[in-house]
Structures are given as structure tokens and as C-alpha cells.
Amino acid sequence: MRFSRFLQGVKAELPLLVGVAPFGMIYGVLAIQAGIIKIQAQAMSSIIFAGSSQIVFTQLVLESAPGLVIVVAVLVVNLRHALYSAWMAPYLQRLSRGWKLLLAYLLTDEAYVVSAIHYEKLGYAELHPTFEQEFQHYYLFGAGLALWTTWQVSTAFGLFLGTVIPSSWSLDFTLALTFIALVVPNLRDRAGVITAVSAGVVAVLATNLPYKVGLVIAVVIGVVAGMLMEKGSAEK
Amino acid sequence: MNLWLVMILAGVGTYLIRLSSILLVGHKEFPPTLKKALKYIPTAVLSAIILPELLMKDSQLYLSIWNPRLLAGVLAILTAWRTRNVVLTILAGMLALWAITWLMSVMH
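Worth saying up front: this structure is predicted, and the values here are computed from it rather than measured. (Residues numbered from 1 in each chain as written. Chains lettered and ligands numbered in written order. Predicted model: local features only at pLDDT ≥ 70, side-chain atom pairs only at ≥ 80, totals over all residues.)

This part takes up the overall build of chain A. Tallying secondary structure elements over chain A gives 12 helices and 0 strands in all. When the helices and strands of chain A are read in sequence order from the N terminus, they spell out α-α-α-α-α-α-α-α-α-α-α-α. In summary, chain A has a C-alpha radius of gyration of 20 Å against a globular reference of 18 Å for 236 residues, a match within 12%. Over its C-alpha atoms, taken along the principal directions, chain A stretches across nearly 55 × 55 × 30 Å. (Helix = DSSP H or I, 4+ residues; strand = E, 2+ residues; numbered from the N terminus. Rg over C-alpha atoms; globule rule 2.2 N^0.38 Å.)

Let us now look at the domain arrangement of chain A. Frequently, the measure chosen for interface size is the accessible area removed from exposure when the parts meet. Residue and element names in this part refer to chain A. When the domains of chain A are assigned, the result is domain 1 (1–169) and domain 2 (187–236). If you look at the interface, domain 1 gives 8 residues, while domain 2 gives 6 residues. Considering every element that reaches the side of domain 1 that touches domain 2, the biggest residue donor is helix H4 (residues 67–78), with 4 residues. Classifying every residue of the side of domain 1 that touches domain 2 by side-chain character gives 7 nonpolar, no polar and 1 charged. (Domains from an automatic or database assignment. Contact = placed C-beta atoms within 7 Å. Nonpolar A, V, L, I, M, F, W, Y, C, P; charged D, E, K, R; others polar.)

Moving on: the interface of chain A and chain B. If you look at the interface, chain A gives 71 residues, while chain B gives 60 residues. Broken down by element, the side of chain A that touches chain B gets its largest block of residues, 10 residues, from helix H10 (residues 174–183) of chain A. Residues of the side of chain A that touches chain B, tallied by class, amount to 47 nonpolar, 21 polar and 3 charged.

Here we come to the environment of Val69(A). Relative to the helices and strands, Val69(A) resides in helix H4. You can call Val69(A) partly exposed: it has 19 C-beta atoms within 10 Å. (Buried ≥ 20, exposed ≤ 12 C-beta atoms within 10 Å, placed from the backbone.)

A few words on the domain arrangement of chain B. Taken domain by domain, chain B consists of domain 1 (1–27) and domain 2 (54–107). A separation of 36 Å is found between the C-alpha centroids of domain 1 of chain B and domain 2 of chain B.

It is worth spelling out the confidence of the model for chain B at this point. Per-residue confidence for chain B averages 90 on the pLDDT scale, and 95% of its residues sit at or above 70. Confidence, expressed as mean pLDDT per element, reaches its minimum in chain B at helix H2 (residues 32–55) of chain B with 87 and its maximum at helix H3 (residues 68–83) of chain B with 96. (pLDDT = per-residue confidence, 0-100.)

Compared with an ideal rise of 1.5 Å per residue, which puts 24 residues at 34 Å, H2(B) spans 35 Å between its outermost C-alpha atoms and is within 8% of the ideal. Of all the bends in H2(B), the largest measures some 30° and sits at Ile41(B), one to four residues before the proline Pro42(B). (Expected span 1.5 Å × (residues − 1). Bend = angle between axes of the 7 residues up to and from the residue.)

With that out of the way, let us pick up unusual backbone geometry. Residue and element names in this part refer to chain A. Of note in the backbone geometry, Ser-64 takes a positive phi value of approximately 40° without being a glycine. Tracing the sequence through the fold places Ser-64 in the loop between helix H3 (51–62) and H4. One non-glycine residue, Phe-135, lies in positive phi territory at about 55°. Note that Phe-135 resides in the loop between helix H8 (124–127) and helix H9 (137–164).

This is how it looks when you write it as C-alpha cells:
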């Protein structure tokens, strides 16, 4: 029962891994090109374990941003995980502390998405009373562990590629391209587009500010612009 | 700051964000304003990284149709918009960048 629930989670995660593996490799390549040593780059995939923020990390190292700015940037990128935590909390409420600590570590975008779909399908009222007896937490565990393993292996593969591929191939451009692939399909409404354009333009204008604080300013302005736009169109 | 220390601080912070509600309480709704702000953060951060990558070279604005990264980036944006496919977008952008740089080196 435990194991079949675990496998169920792994299986649900598989289609997403097709996208995660190249992403992990790109992170590995970019980390090498930013001059981060291999052991640190590999360790980062376990210590931070959040794709986009790790790529932002390498970019800021490349631009020799101060440590504090890097930490703030990573945390800002990962703030959305607070929403996943809040969503999962009621389901995981009665698990032991050990399980909570473990599952929180594995709560990435991709593990959250498939598990939330699974839990929602069964329904909170239905699921909650027998969550533990039915080993439902093994579903999230399976999805999370499958993602974790893929992330570590693809990082290692990318670190290897990064040392083999010459820098004249301009593979650093995959950073912008990956982010384009993540952002553009999500620009569903005008507020999203305004967020993207204003954050991007402010970032360009503020590039030469000291300590790379331009990034933080750009994000704040982008978020505020998007929210104002949403509010404006809601009132019409 | 030592790179290990930066990494560990960022990692611990990320973990605490993921742990927050799970460890503290069961039911707790975020204020709607905060929820909305969180929704826009990923788009804002990623765009704030993309645009300078396309429009700048050596910290200078490089607004020209001869800017290979700008051209390849626009093509990638169109690809992402039409296909919503990560791998295709990256392939299209890289191939365009290589082709444009090669063409320019031949023409000069």
C-alpha cells in the first residue's frame, strides 16, 4: 500500500521530468560558466533545490553581485513556495514532525502541482480523515523524490557538459531562453504583460546601479504595476 | 561573503518558506493582496533578467537590428508564444543566435 502510493506519485511526476532534466543540465552548464566550482554547484542543487532561483544565483555570481543581494534574490524568487506550504498544510496537519520536515523540503513547483491535483481530485473532506491510513503522504513523497533525483542527476550531467563545451558556443544565452520559455506562455492577461514589460524595462534602466539592486527595484515596480493593472481592469 | 555561506543562507531561507505553514498551523489563508503580489513575482523576476540579456552588451544599451541576441530572443519569444514548448524555444533561440552570428561574420 505504502509502496504503490509512492509509485503512483512517481508516475504522476514522470511527464514533468521531461522538462526538468534539460533545465537541470542548463543550470549545470551555467554554473560552470559562472566559475562556480563543481562541488559547490552540485551541492547547491540539494541545498537550495529550486531551479529558477539557482539559475538566478549563477547569473548574479557571474556579475559579482554581493552575497546579500544573491540571498535576497533567491528568496524573492522562491517566495511563491509559501503558497504551496499554506495549501498543503491542512492535509499534512496530523503527520509526524519528521514527515513534515521531509515533505516541506520536497515541496517544489513540480511536486506541488501533481500532488495538489491528486489531493484535490479526491477532495479535502473525503481525504482528510484517512489521509495517514491511506498513506496519501507517500504520493507527495514519491513525486518529490522523483523530482529530487532527476534534479541531482541532470545537474551532474550539466556540470560535465559545461566543462566540455567551449564558451564560444554562447551557451550562457540559454539562461535568457529558458526564462523566455517559462514566462511567455504564462502571460495570459494584460496585467501579466504589464508586469513583464515594466520589470524588464526598469531592469535595463537600472543595470548600472551598484550592488545589482536594480533587480530588486525592477521586481517591486513590476509587481506593483501588475497589481494596479489588475485592480484597474477589475473596476471597469 | 563566502559562496558556501551565501548558498546555505539562501537554502535555509528557501526551506523555511516551504516549511512555514506546514509546521506552524493548519488552516491559514493569506491576505488577498499578498496572494496577488506573490502571483506576479516570478514573471517580474524572470523578465527583469531576460530583457537586459537581450538589450545590453557590456553594460551598454545595444538597440540595433544587428544585435544577434535581440533578434534571437524575439524569435524565441514568438516560438514560446506559439508552441508553449520549453525545449523548442531554447532550440529555436540557440540556432538563431548561431546562424545570425555566423551570417554577420561572413558579411563583414
